[in-house]
Amino acid sequence: MSAVDQGAPGAAERSLGQLVASATAEMSALVHDEIALAKAELREDAKRVGIGGTAIGVAGVLALFSLPVLSFAAAYGIHNLGLGLAWSFLIVGAAFLLFAGVAALLAVSKFKKVKPPERTIASVKETAALVGTVKPHPRPVGDRAVGVARSSS
């Protein structure tokens, strides 16, 4: 309950302006506290994102380094089945080219589905047409000092 509801002495003596000023100050403090809390939470999340991004980068580098090793292992594994070493490496290389081709076809099919933002373009054109038809209000010539002061002047 507030001080007015409890009948505290001096609470009824405060003017409306003082009450509004007090409420404004309390709201301002509340907003500042909320902003500080948001900053603290974002700082923690930024650390987590940094650590996660670094871990993904390390995993990608290790996967990239393992590719030649696994390629040699696959080629020598095929060679141990009785095929010549050159043919084994050729088969592994062809398999990589096949996977690359499938990935390229998938990428091309996805890129073909990309369209321009038609609704946004239409909305911008409509807004531009509307703004183009608006005429400014006439201002008296002698009232240059009256109006909004601009920081650039």
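Our focus in this paragraph is the overall build of the chain. When its secondary structure is counted, the chain shows four helices and zero strands. When its helices and strands are written in sequence order, the chain yields α-α-α-α. The burial tally for the chain puts 3% of its 153 residues in the buried class. Total accessible area on the chain is roughly 13700 Å²; 69% of this is exposed by carbon and sulfur atoms.

Evaluated as defined, the whole model comprises two salt bridges. With a closest N to O distance of 4.0 Å, Glu44 and Arg48 form a salt bridge. Of the two residues, Glu44 and Arg48 both sit in helix 2 (residues 16-80), four residues apart, roughly one turn of that helix. By relative accessible area, Glu44 is classed as partly exposed at 45%. For Arg48, a relative accessible area of 55% puts it in the exposed group. For Asp45, the salt bridge goes to Arg48, with nearest N and O atoms at 3.2 Å. In this pair, Asp45 and Arg48 both sit in helix 2, three residues apart, roughly one turn of the helix.

For the rest of this paragraph, the subject is helix 4 (residues 118-133). Residue pairs spaced three or four apart in an α-helix point in one direction, given the helix's 3.6 residues per turn. For helix 4, with 16 residues, the first-to-last C-alpha span of 23 Å sits near the 22 Å given by 1.5 Å per residue. When you tally the buried positions in helix 4, you get zero out of 16 residues, a small fraction of the element.

What follows is about the confidence of the model for the chain. Taken as a whole, the chain shows an average pLDDT of 82; of its residues, 79% reach a score of 70 or greater. Mean pLDDT across the elements of the chain ranges from a minimum in helix 1 (residues 3-6), with 50, to a maximum in helix 3 (residues 85-112), with 94.

Moving on to the packing of helix 2 against helix 3. For the pair helix 2 and helix 3, interaxial distance at closest approach is 8 Å and the crossing angle is 130°. For the element pair helix 2 / helix 3, the angle class is oblique. Once helix 2 is placed against helix 3, the crossing between them reads as right-handed. Seen from helix 2, the contacting residues are Leu67, Ser71, Phe72, Ala74, Ala75, Tyr76, Ile78 and His79; seen from helix 3, they are Leu85, Ser88, Phe89, Ile91, Val92 and Phe96. When its residues are assigned to classes, the contact of helix 2 with helix 3 shows 11 nonpolar, three polar and no charged.

So, about a nonpolar patch on the surface. Side chains of Val58, Val61, Leu62, Leu64 and Phe65 sit close together on the surface and give an oily, nonpolar patch of about 520 Å² of accessible area. Checked against the element boundaries, Val61 lands in helix 2. A relative accessible area of 41% places Val61 in the partly exposed class.

Here we come to the side chain of Ser88. For Ser88, the position within the fold is in helix 3. For Ser88, a relative accessible area of 0% puts it in the buried group. At a separation of 3.4 Å, a polar atom in the side chain of Ser88 contacts the main-chain carbonyl oxygen of Ala75. Every residue in contact with Ser88, bar those within four places of it in the chain, is listed here: Ala75, Ile78, His79 and Leu83.

The next point concerns the packing of aromatic side chains. Scanning the entire structure with this criterion turns up two aromatic pairs. Seen in terms of ring centroids, Phe72 and Phe89 are 5.3 Å apart; in terms of plane orientation they differ by 75°. Their pairing is edge-to-face. Taken together, the residues span a long stretch of sequence, with Phe72 in helix 2 and Phe89 in helix 3 at a distance of 17 residues. Overall, Phe72 belongs to the partly exposed group, its relative accessible area being 45%. Arranged with centres 5.7 Å apart and planes meeting at 85°, the rings of Tyr76 and Phe89 form a pair that is edge-to-face. Remark: Phe89 occurs in helix 3 and Tyr76 occurs in helix 2; sequence separation between them is 13 residues. Through successive ring pairs, a cluster of aromatic residues spans Phe72, Tyr76 and Phe89.

The rules we used
Residues numbered from 1 in each chain as written. Predicted model: local features only at pLDDT ≥ 70, side-chain atom pairs only at ≥ 80, totals over all residues. Heavy atoms only, no water. Helix = DSSP H or I, 4+ residues; strand = E, 2+ residues; numbered from the N terminus. Buried < 20%, exposed > 50% of the residue type's maximum accessible area, 1.4 Å probe, protein only. Areas by Shrake-Rupley, 256 points an atom, 1.4 Å probe, with all protein chains shown as cover. Salt bridge = Lys/Arg side-chain N within 4 Å of Asp/Glu carboxyl O. Expected span 1.5 Å × (residues − 1). pLDDT = per-residue confidence, 0-100. Axes fitted to C-alpha atoms, helices over the stretch in contact; angles between N-to-C directions. Parallel < 35°, antiparallel > 145°, perpendicular 65-115°, else oblique. Left-handed = near helix turned anticlockwise from the far one by under 90°. Contact = heavy atoms within 4.5 Å. Nonpolar A, V, L, I, M, F, W, Y, C, P; charged D, E, K, R; others polar. Patch = residues over 30% accessible without salt bridge, like charges linked within 9 Å, V, L, I, M, F, W, Y side chains within 5 Å. Polar contact = N/O pair within 3.5 Å; in protein donor to acceptor, adjacent residues only side chain to side chain. Phe/Tyr/Trp six-rings, centres within 6.5 Å; stacked < 30°, edge-to-face > 60°.

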